[in-house]
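# Secondary and tertiary structure notes
Spelled out from the first residue to the last, the chains are:
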Amino acid sequence: MFGDIFSDWKIVVYSLVAIFYFQLIKYLDKQFAQKRPFSDEEYLFKMAKIMECSEYDIFFQSAKEWRISKEKTEDDFKEYLLNETLPYYVKDFIRKTRK
């Protein structure tokens, strides 16, 4: 039974090449993912996880420093959820906390 499978060497070679290819892709993805710096959006997510609060809470915490109104902050958070655009005061808060 196994003799029939291994008698056709092309199947074995193609299988090994496929396994090697996927392992190489996995390795390269891991290497480049570690060297790429976090974007502001990714850092906001990680910061919320570390601080054990929501991204919404971080928006309001950063808005306090700039004295931004609650309505403006809520509108900016809705815009963040829809388009992933961070307002200047959140970017400033992220920049300050990275250091």
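See the structure printed just above.
Notes on the structure in this doc start here. (Residues numbered from 1 in each chain as written. Predicted model: local features only at pLDDT ≥ 70, side-chain atom pairs only at ≥ 80, totals over all residues. Heavy atoms only, no water.)

### Re the overall build of the protein
We apply this condition: Helix and strand labels come from DSSP, where a helix needs a run of H or I of at least four residues and a strand needs a run of E of at least two; each type is numbered from the N terminus. It is over C-alpha atoms that the radius of gyration is taken, and the globule rule equals 2.2 Å times the number of residues to the power 0.38. Accessibility here uses a 1.4 Å probe with only protein chains present; expressed as a share of the type maximum, an area under 20% marks a residue as buried, one over 50% as exposed, and anything in between as partly exposed. What makes two residues a contact is simply this: any of their non-hydrogen atoms within 4.5 Å. Shrake-Rupley sampling with a 1.4 Å probe provides the accessible areas, and residues are treated as covered by the protein chains on show and by no other component. Neither His nor the chain ends contribute to the count of charged residues, in which Lys and Arg are positive and Asp and Glu negative. For this purpose, a charge sits on NZ of Lys, CZ of Arg, CG of Asp or CD of Glu.
Helix and strand counts for the protein come out as 6 helices and 0 strands. Counting from the amino terminus, helix and strand elements in the protein follow one another as α-α-α-α-α-α. Taken against the 2.2 N^0.38 rule, which gives 13 Å for 99 residues, the C-alpha radius of gyration of the protein at 24 Å runs more than 25% over that of a compact globule. When the backbone C-alpha atoms are referred to their principal axes, the protein occupies close to 75 × 25 × 20 Å. Relative to its full complement of 99 residues, the protein shows a buried share of 20%. Across the protein, contacts joining residues at least 24 apart in sequence account for 49% of those joining residues at least 6 apart. Looking at the protein as shown, the accessible area adds up to about 8,200 Å², and 61% of this sits on carbon and sulfur atoms. Within the protein, one finds 17 positive and 17 negative side-chain charges whose respective centroids are separated by 6 Å.

### Examining the packing of helix α3 (residues 40-51) against helix α6 (residues 88-98)
Keep this limit in mind: Fitted lines through C-alpha atoms serve as axes, helices being fitted only where they are in contact, and the angles separating the N-to-C directions of these axes extend from 0 to 180 degrees. Each angle receives one of four descriptions, namely roughly parallel if under 35 degrees, roughly antiparallel if over 145, roughly perpendicular if within 65 to 115, and oblique otherwise. Left-handed describes a crossing whose near helix is turned anticlockwise from the far helix by less than a right angle; the clockwise case is right-handed. Throughout this entry, Asp, Glu, Lys and Arg are counted as charged residues, while Ala, Val, Leu, Ile, Met, Phe, Trp, Tyr, Cys and Pro are counted as nonpolar. The remaining residues, Gly among them, count as polar.
Across the interface, α3 lies against α6 with an axial gap of 10 Å and an inter-helix angle of 70 degrees. The pairing of α3 with α6 is recorded here as roughly perpendicular in orientation. Crossing angle aside, the handedness with which α3 passes α6 is left-handed. Packed against α3, whose contacting residues are Asp40, Tyr43, Leu44 and Met47, the element α6 presents Val90, Lys91, Phe93, Ile94, Thr97 and Arg98 at the interface. Across the contact of α3 with α6, the residue classes break down as 6 nonpolar, 1 polar and 3 charged.

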